[in-house]
Amino acid sequence: ASDDKSDEIKKLANSEAMKEVQDLTVEIKPYPSDVLREFVTKSLGKKGKTLGQVNSDGTIYNIGAASTGVPSNRTGFIASRNIAFRKAVLTAKSEFIRAQGMKVSSEEGMSILDNFVEGTDPETQKKASFLQKLGRLANQSVDKALIELGVSETEVSKMNQGAKEAMFREEYRQKGLQFAAGMLKGLSVCKIVEGEVGGNDYQVAVLVKYSKENQALAAMIQDDKNYQLSPQKPSKSLDKIRNADPKDLLPRMGVLTTVDKNGQSIVLAYGQSEIRKTSSRQSAAESRAFSQAANIARDNLKNFVAQDIALEEITENAEVLSSYADGSQDFFSQNKFEQSIQSKMSSVDNLRSYEMKRWKAQHPESGHLVAGVIIAWSKDFANKSRNLQKTLNTSNEDLFKEDNSNLEENSSPTKSGDYMIGGDDEDF
């Protein structure tokens, strides 16, 4: 079974679809979500692919967008930009969950003489509170409730039951619930567009892609196994990122999959954090920013490997007509939509990664100084990491055995001309 799994991952990781995620492209434009959607629709169309659909090669593309809570001209913008990016990715990922199928529930109904606690103005609120009392009376006798409203007993006696009820309230309510959940693996960010929309609104839009190849890589990282993968065509992305000017790395967020010069897959995760200006100990503030950026990058890498997401959407409609004894009426209408996208707590053991690059740059819109870190995973490093783990966990008994063996092997001095030289070069 293990060999079958290895063969399947090898096959997936070396297909043509993998080539499309080798180079992350980024732009900073106004109206980011519109720009991104137009660009992606045209680009995919040329390849016979469609946004939001399962394409012939098994790939799926979805777009998500979110705005920062903090304007670009205020302190805290970089952190808010990170959050907006993560919201955008979460929104895009929720579309992958939705595509798998949703549980849909709905209910609706109407009632008369029901409690009503909302209104359109303070005076209506008073009337509505009074109707609560009337509703309780009406449960016993509609006649008594109408008399409480000030209608004379003579007038009440002349009214039929329908006319009496019409003087109170009629209500219609509808509620719909849609729910979906699932575990996502190997989703990469292949395009980002961000910029000012206007009115202190800075938006980040992302294109997220699913491919069988990336899912296989995620499985490889999660299982922490040394699967044998055939070499692929090397990509220029890795060297471009290593040698990139810091300002060109500012728009890079999330996770990128690429191929090194040996044809082996590498996963790059990006993290950024603002370097806050302080009156003292500025170096400490910078160290904290780099540590935070590294943590964000590792978190992005973990979410590439596996992320458990639940999507819930609630739609409610209400229509309430209240009639009073004086002939007046109040109409209340409400439409409510609530969306909840939640990433459940999940863990990945032995996430083996290393810091490939760190950089500093000034954000072009806000002027804030940003600390950036790129965390990388590669098959080669994962293998070395496993060997290092084994070495560092060597028992005391085995250490002494190794030391005695080394002493016996290195006990004889070596000759160099007329000199006898002892010792190991490592000591120098």
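These numbers come from a predicted model, not from an experiment.

## A look at the packing of aromatic side chains
By convention here, two paired aromatic rings are described through the distance between centres and the angle between planes.
Here's step 1: Applying the stated criterion to the full structure yields two aromatic pairs.
Here's step 2: Both rings, one in F77 and one in Y202, keep their centres 4.9 Å apart while their planes meet at 85 degrees; by these two values the pair is edge-to-face. One end of the pair, F77, is in helix α3 (residues 77-99); the other, Y202, is in strand β6 (residues 202-210), and 125 residues separate them in sequence.
Here's step 3: Of the residues examined, F77 reaches a relative accessible area of 0% and is grouped as buried.
Here's step 4: Here Y202 falls in the buried class, since its relative accessible area comes to 0%.
Here's step 5: Seen from their ring centres, Y354 and F381 are 4.8 Å apart, and the 45 degrees between their planes marks the pair as tilted. In this pair, Y354 is assigned in strand β11 (residues 354-362) and F381 in helix α12 (residues 379-392), connecting sequence segments 27 residues apart.
Here's step 6: Judged by its relative accessible area of 25%, F381 is partly exposed.
Here's step 7: Stacked on the ring of F39, the Lys or Arg K191 has its end atom at 4.3 Å from the ring centre.

## Examining helix α2 (residues 32-46)
Here's step 1: With 15 residues, α2 ought to run about 21 Å at 1.5 Å a step, and its terminal C-alpha atoms sit 21 Å apart, in line with that.
Here's step 2: Looking at α2, one finds that the buried residues are P32, L36, V40 and L44. The buried residues of α2 occupy one face: seen down the axis, they fall within an arc of 65 degrees. More than 90 degrees from the buried face of α2, the exposed residues found are D34, K42 and K46.
Here's step 3: Of the surrounding secondary structure, the elements contacted by the buried residues of α2 are β2 (60-67), β5 (188-196) and β6.
Here's step 4: Looking at the residues trailing α2, positive phi occurs at G48, about 75 degrees.

## A word on the nonpolar core
Here's step 1: Core analysis: the largest hydrophobic core is formed by 41 residues, its most contacted members being F85, V204, V206, V208, I241, L268 and I374.
Here's step 2: By residue number, the principal contributor to this core is α3, which donates nine residues.
Here's step 3: Setting aside anything within four residues of it in sequence, one finds L268 in contact with L238, I241, G254, V255, L256, T258, M356, I374, I375 and A376.

## As for the pattern of salt bridges
Here's step 1: Per the counting criterion, the structure on display carries 14 salt bridges.
Here's step 2: A salt bridge links R352 to D224, with the shortest nitrogen-to-oxygen separation between them at 2.9 Å. In this pair, R352 sits in the loop between β10 (329-344) and β11 while D224 sits in the loop between α8 (212-223) and α9 (237-242), placing the two residues 128 residues apart along the sequence. Neither residue differs from the other here; R352 and D224 are each classed as buried.
Here's step 3: Through salt bridges with shared partners, a single ionic network connects E95, R98 and E313.

## Some remarks on the pairing of strand β12 (residues 369-378)
Here's step 1: In terms of burial, β12 is a largely internal element, nine of the 10 residues being buried.
Here's step 2: Note: strand β8 (residues 265-274) against β12, nine bridges, orientation antiparallel. The partner of G271 across the bridge, within β12, is V373.
Here's step 3: Judged from the eight bridges that link them, β11 and β12 form a sheet pairing that is antiparallel. Opposite E355, over in β12, you have I375 as the bridge partner.
Here's step 4: Hairpin connection from β11 to β12: six residues lie between these consecutive antiparallel strands, with G367 at a positive phi of about 80 degrees.

## A closer look at unusual backbone geometry
Here's step 1: Even without glycine at this site, R281 takes up a positive phi of about 55 degrees.
Here's step 2: Relative to the elements of secondary structure, R281 occurs in the loop between β8 and α11 (282-305).

## Observations regarding the packing of α3 against α11
Here's step 1: Between α3 and α11, the least distance of the axes is 13 Å, while the angle of their chain directions is 0 degrees. Accordingly, the angle class assigned to the pair α3 and α11 is roughly parallel. Contacts between α3 and α11 involve N82, R86 and K93 from the former and I296, D299, N300 and N303 from the latter.
Here's step 2: Looking at the contact of α3 with α11 residue by residue, the classes come out as one nonpolar, three polar and three charged.

## A few points about α3
Here's step 1: For α3, which comprises 23 residues, the first-to-last C-alpha distance of 33 Å matches the rise-based estimate of 33 Å (1.5 Å per residue) to within 8%.
Here's step 2: G101 sits one or two residues past α3 and shows a positive phi near 115 degrees.

## Looking at the side chain of T257
Here's step 1: Along the polypeptide, T257 turns up in strand β7 (residues 254-259).
Here's step 2: T257 gets classed as buried once you look at its relative accessible area, which sits at 0%.
Here's step 3: In this structure the side chain of T257 is engaged in a polar contact, spanning 3.2 Å, whose partner is the side chain of N214.

Definitions and limits used
- Residues numbered from 1 in each chain as written.
- Predicted model: local features only at pLDDT ≥ 70, side-chain atom pairs only at ≥ 80, totals over all residues.
- Heavy atoms only, no water.
- Phe/Tyr/Trp six-rings, centres within 6.5 Å; stacked < 30°, edge-to-face > 60°.
- Helix = DSSP H or I, 4+ residues; strand = E, 2+ residues; numbered from the N terminus.
- Buried < 20%, exposed > 50% of the residue type's maximum accessible area, 1.4 Å probe, protein only.
- Lys NZ or Arg CZ within 6 Å of the ring centre and 35° of its normal.
- Expected span 1.5 Å × (residues − 1).
- Arc of directions from axis to C-beta.
- Contact = heavy atoms within 4.5 Å.
- Core = buried A, V, L, I, M, F, W, Y, C linked by side-chain atoms within 4.5 Å.
- Salt bridge = Lys/Arg side-chain N within 4 Å of Asp/Glu carboxyl O.
- Pairing = 2+ DSSP bridges.
- Axes fitted to C-alpha atoms, helices over the stretch in contact; angles between N-to-C directions.
- Parallel < 35°, antiparallel > 145°, perpendicular 65-115°, else oblique.
- Nonpolar A, V, L, I, M, F, W, Y, C, P; charged D, E, K, R; others polar.
- Polar contact = N/O pair within 3.5 Å; in protein donor to acceptor, adjacent residues only side chain to side chain.

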